Amino acid sequence: MLIAVLLGFIHACVLIPTGRFLKGKIAVLNAAIPIGLFIYFCSFIPEVVTSGNVVRANFQWIPSFGVNLNFTLDGLSLIFALLITGIGALVFLYTSAYLKGNAHLDRFYGYLSMFMASMLGLVLADNLISILVFWELTSIMSFFLIGFKNYDEGSRRAALTSMGITGLGGVLFLACTILIGSIGGSYSIQELLSSQILFSEHPYYALILFFIFGAAFTKSAQFPFHFWLPGAMKAPTPVSTYLHSATMVKAGIYLLLRMSPLLGGDPLWNNTLMIVGGVTMLFGAFHTLFRTDLKGILAYSTISALGILVFLIGIGTEAAILAAIFFILVHAIYKATLFLVAGGIDLAIGTRDVTQISGLRKWLIPLSIAGFLGALANAGIPPTIGFLGKDLIYESTLHAPNAGSILTALSIVTNILLLYAGFVVGIKPFFRKTSHEETEIRKSPFLIWAPAVLIGAAGIIFGIFPSLGQSLVTPAVSAILEHSYTPNIQLWHGFTFILLLSAITIGTGFSLYFIFRPSRKKEETIAKIDFIAPKFLTDLFVVSFGRLSKIWTRLFNSGFVRYYILIVLIFIIGILGFKLFEKPVIYMDLSTLKDVSTFEMGTILIMILSIIITVFTSSRLTAIASLGVLGYAFCIIFVFYGAPDLAMTQFAIDTLTVILFVLVLYRLPKYLMLSDTRSRIRDGILSIAFGVLITFICLAVLAEPFSREVTSYYANYAYTLAHGKNVVNVILVDFRGMDTMVEITVLAISAIGVYSLLKLQMKKSEVD
Amino acid sequence: MNSLILRTGAKYILPLLLIFSVFLLLRGHYLPGGGFVGGLVAAVGFVLYMFAFGLDETRALLHIHPGYLMPIGLSLALLSGFSPVILTGEPFMTSIWFENPVPVIGTIGSPLFFDMGVYLVVFGVSLTILFTISEEA
């Protein structure tokens, strides 16, 4: 299973050398990956669905931190995995036609593959840390996908917005993970569930909920974080299809579902989800009335659908969870269909403005069939899967623990508006009188309409045979409820109250569709209240934060090294001096000090002399040479006190430093009195203060009780464990080799920095 | 600098310093020395040569740009860190050793290769910086 999850990443790596061949005529071969994975996950259906088992596959990753790649395939994961790979397969096929001839098609497939793999990892992982890693990967990959048209400023901005919002959620998720891990003592969801910890009674429960809701709401575009989703419409249509129907935005829903046995059941959990979900579903649904862009309408209808899901999870009863999971299936199917159709229309006629398009059925028959199927499923007209989904939603709201009638009314209004949105996208472009000439239309190729028709037909098949969906959904519901639950999903329940509600929904929706016309004017009207929209406020925040950081940076970045050093020194003196002054710990026992030998006296004298020369000389060369003398004298002191390694290195470094100085010397102006007396006095005082401070710190260190534990550990084990006698070197290359690794990396980076700064030759146009 | 003494001296001192630097590198595990100081000493040798013969001749002597030694050294260090993962399945950076010590050098193991990586990086970094600056000067 590890390979199955990582296959997308492997595919992306393979595309680097082979991309040239895989983006031409045989680009469609890339779809073999998701198709293969889809078949692979289908092979688990008998085991997971029929016998209700949970398939596990464990791989050690960082066992010392309790972080492992434990993949758990239960009913919930299976549904998501099938959606991800199944719709993924269609999207891959569709892409090969949609982006035909694009110069970066291989890159696109790479992103898409990695995105699919991250999503798979997310829904299969059992360990919270690995979920977090995959969660962040989906954010990063969607950034690349949304910003795929990187020459377009709008795309770049949309990608950044989505990255910013979902990145914020990632940080919150990290906080939630750490909190849960430290309270529960494990990062494994399975272990947390079996440990029977009651999170809802923990004092930090509200905080955990705050973090996890923040994570889920940003990812799943809940109000007020919804605005990145319509922005993400800048992406190529296959991306929108994938992001909206089966992946990305469903990640937050998945997280909430996964966590609901662990954290759910508390009024705080239920009410927050119901309120946020309710607001989002109405908000999104109303907004569809005022959009004219096909994809824009779909984006708001996705927001609304996500709101319904959060709302249902919030209700939290058995029926609601069942409705939520079934609706995930429903939404994935009809939203994928509608998006694929919208992309096909865009490709055929070059616009997505719904007011400009009509009567396309003449030329795009298969696409219009797909659009019709999608709109039917979306509207919940029998015998589509949407009808079953809508029934389950009404069923759960009617029997909700409290305020059932209000909840039902809300969901009816939402569904009416969603029906309108689906009809506008799926049916309106194809019917009524056409205003287009035949020459304007580009016929859709097979790979554009076939995926749409296929998934649209799936909506009908699932509707006619409710047992199909029921058997898929049952293990997922049981996984969340933690006991087996057998729903009864049927197309025909007889003349019930719910059927009446369904009829009302469909009837009102129809009349809305026939009376209400989308227009530019309405879109402009709604744009007038943008100044209180979350998007606007966020932009404002971002801009003002940028200004603040500019002011802050200007304050400290004078551009002169001497001022940087000045600031650093003042800061250190201030903070350390305060600490020492607050709690003086210095004491000196003169009797324990050794006698000072003549060698040491001599060396110190040399040092003092060279310092005086350095400071007061009027020749630059003399100053540098005497600094070198000072360095060598230091090395001698190291030799005296038994640090030959340090002394040797210091010798070499000092030599090179002096050489470096001499080389730089040519480029500097003649030695003049560059600083006036006042600043020299200031620098003098500062350096003396710093020296005094360091002296005091050294004395303070001596006053502390000294533990030799570490020293003796290294001394004892240097030879037995690391086969070395030179403890210093053994520490450098073995015990703390990781540090050295990072240090030499930093060294290399700084060398590259020097090289590129000096070699940089700015073009005239680039000089600021 | 056009001094015959310096030129003649540098010609003989460079190989000596290089041998010395390798000596420092190899003995580092038992006695004072190691890759870091070894790399510095080797760099000093080339800098001396540069003073005597000029930058271009030193470059010609080195054949490759010292900057290339940085990635080579880094990869060597990284590979030695990964060798236990690949060879014995132990975690990253666990040291592994050959059974029997080799005469003169001592026991050979992954830390030695790590140290060689450090040597190359330090050598490459020092020379890259010095060459670049002296070229600009």
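Only a predicted model underlies this, so the values are computations on that prediction, with no experimental measurement involved. (Residues numbered from 1 in each chain as written. Chains lettered and ligands numbered in written order. Predicted model: local features only at pLDDT ≥ 70, side-chain atom pairs only at ≥ 80, totals over all residues. Heavy atoms only, no water.)

K.L.:
Which residues make up the overall build of chain A, and what values do they have?
P.N.:
Along its length, chain A carries 31 helices and 2 strands. Counting all 768 residues of chain A, 49% fall into the buried class. Considering only contacts in chain A between residues 6 or more positions apart, those separated by 24 or more positions represent 78%. For chain A, the computed accessible surface area is about 37200 Å², with 69% contributed by carbon and sulfur atoms. In chain A, 50 positive and 39 negative side-chain charges are present, and the distance between their average locations comes to 13 Å. (Helix = DSSP H or I, 4+ residues; strand = E, 2+ residues; numbered from the N terminus. Buried < 20%, exposed > 50% of the residue type's maximum accessible area, 1.4 Å probe, protein only. Contact = heavy atoms within 4.5 Å. Areas by Shrake-Rupley, 256 points an atom, 1.4 Å probe, with all protein chains shown as cover. Lys, Arg positive; Asp, Glu negative; His and termini not counted. Charge placed at Lys NZ, Arg CZ, Asp CG, Glu CD.)

K.L.:
Please provide a residue-by-residue account of the overall build of chain B, values included.
P.N.:
Assigned secondary structure in chain B consists of 5 helices and 0 strands. Traced from its N-terminal end to its C-terminal end, chain B shows the element sequence α-α-α-α-α. Its C-alpha atoms put chain B at 55 × 30 × 20 Å along the principal axes. Here chain B holds 137 residues, and 50% of them are scored as buried. The long-range share in chain B, meaning contacts at least 24 apart out of those at least 6 apart in sequence, stands at 65%. Of the roughly 6600 Å² that chain B leaves accessible, carbon and sulfur atoms contribute 73%. Here chain B carries 4 positive and 7 negative side-chain charges, and the mean point of each set is 15 Å from the other.

K.L.:
Hey, could you go over the side chain of A:Thr614 for me, with residue numbers and the actual values?
P.N.:
On the secondary structure map, A:Thr614 appears in helix 25 (residues 598–616). Setting aside chain neighbours within four positions, we find A:Thr614 in contact with A:Ala623, A:Ser626 and A:Leu627.

K.L.:
A description of the interface of chain A and chain B should follow, citing residues and the corresponding values.
P.N.:
Every contact between the two is made by 39 residues of chain A and, on the other side, 42 residues of chain B. Summing both partners gives a buried area of about 3700 Å² for chain A against chain B, and 78% of it is carried by carbon and sulfur. Linking chain A to chain B there are 0 salt bridges. Those elements that place two or more of their residues in the side of chain A that touches chain B are helix 27 (644–665), helix 29 (709–722), helix 30 (727–735) and helix 31 (737–759) of chain A. (Buried area = accessible area lost by both parts, 1.4 Å probe. Salt bridge = Lys/Arg side-chain N within 4 Å of Asp/Glu carboxyl O.)

K.L.:
An account of the nonpolar core is requested, with residue identities and associated values reported.
P.N.:
Formed by 193 residues in total, the largest nonpolar core has its most connected members in A:Leu263, A:Trp269 and A:Ile325. Among the elements that line this core, the one with the most residues is helix 15 (residues 318–349) of chain A, at 23 residues. Apart from the residues lying within four places of it in its own chain, the contact partners of A:Leu263 are A:Ile180, A:Phe199, A:Tyr205, A:Ile208, A:Leu209, A:Ile212 and A:Trp269. Formed by 41 residues, the second largest nonpolar core is a distinct cluster that contains A:Val733, B:Leu62, B:Ala77 and B:Ile133. (Core = buried A, V, L, I, M, F, W, Y, C linked by side-chain atoms within 4.5 Å.)

K.L.:
Please set out the packing of helix 13 (residues 267–288) of chain A against helix 14 (residues 294–315) of chain A residue by residue, giving values where relevant.
P.N.:
Residues and elements named next belong to chain A. Two numbers describe how helix 13 lies on helix 14: the axes approach to 7 Å, and their chain directions differ by 160 degrees. By the criterion of interaxial angle, the relationship of helix 13 to helix 14 is roughly antiparallel. Relative to helix 14, the crossing made by helix 13 is left-handed. For the contact of helix 13 with helix 14, the residue count by class is 14 nonpolar, 11 polar and no charged. (Axes fitted to C-alpha atoms, helices over the stretch in contact; angles between N-to-C directions. Parallel < 35°, antiparallel > 145°, perpendicular 65-115°, else oblique. Left-handed = near helix turned anticlockwise from the far one by under 90°. Nonpolar A, V, L, I, M, F, W, Y, C, P; charged D, E, K, R; others polar.)

K.L.:
Can you tell me about the environment of A:Gly296, naming the residues and giving the values?
P.N.:
Within the fold, A:Gly296 resides in helix 14. Linking A:Gly296 and A:Ile178, residues 118 residues apart in sequence, is a C-alpha distance of 37 Å.

K.L.:
Account for the pattern of salt bridges, with residues named and values stated.
P.N.:
Residue and element names in this part refer to chain A. In this structure the tally under the stated criterion is 5 salt bridges over all chains. Where Arg-352 meets Asp-346, a salt bridge forms, and the shortest distance between an N and an O atom there is 3.4 Å. Take Asp-346: its relative accessible area is 15%, and that puts it in the buried class. When salt bridges that share partners are traced, they join Asp-293, Asp-346 and Arg-352 into one network.

K.L.:
Go over the environment of A:Leu468, please, and point to the residues and values.
P.N.:
Residue and element names in this part refer to chain A. Structurally, the position occupied by Leu-468 is in helix 20 (residues 466–481). Taking the relative accessible area as the measure of exposure, Leu-468 reaches 37% and is therefore partly exposed. Residues Leu-468 and Ile-489, spaced 21 residues apart in sequence, show a C-alpha to C-alpha distance of 9.7 Å. Contact partners of Leu-468, with chain neighbours within four places excluded, come to Ile-461 and Phe-462.

K.L.:
Go over the packing of aromatic side chains with me, naming the residues and quoting the values.
P.N.:
All names here are of chain A. Scanning the entire structure with this criterion turns up 28 aromatic pairs over all chains. With a centroid separation of 5.4 Å and an interplanar angle of 70 degrees, the aromatic rings of Phe-143 and Phe-144 are classed as edge-to-face. The partly exposed category is assigned to Phe-144, whose relative accessible area is 33%. Centroid distance Phe-213 to Phe-217: 5.4 Å. Interplanar angle 10 degrees. Geometry classified as stacked. Placement of the pair is Phe-213 and Phe-217 together in helix 9 (residues 205–219), with a separation of 4 residues, close to one helical turn. Neither residue differs from the other here; Phe-213 and Phe-217 are each classed as buried. These aromatic residues form a ring-pair network of at least three members: Phe-423, Phe-510, Tyr-513 and Phe-514. (Phe/Tyr/Trp six-rings, centres within 6.5 Å; stacked < 30°, edge-to-face > 60°.)

K.L.:
Help me get a handle on the confidence of the model for chain B, residues and values and all.
P.N.:
Residues and elements named next belong to chain B. For chain B, per-residue confidence averages 84 on the pLDDT scale, and residues scoring 70 or more make up 94% of the total. The weakest mean pLDDT in chain B belongs to helix 4 (residues 69–87) at 85; the strongest belongs to helix 1 (residues 4–27) at 89. Quick note on the complex model: pTM equals 0.73, ipTM equals 0.88. (pLDDT = per-residue confidence, 0-100.)

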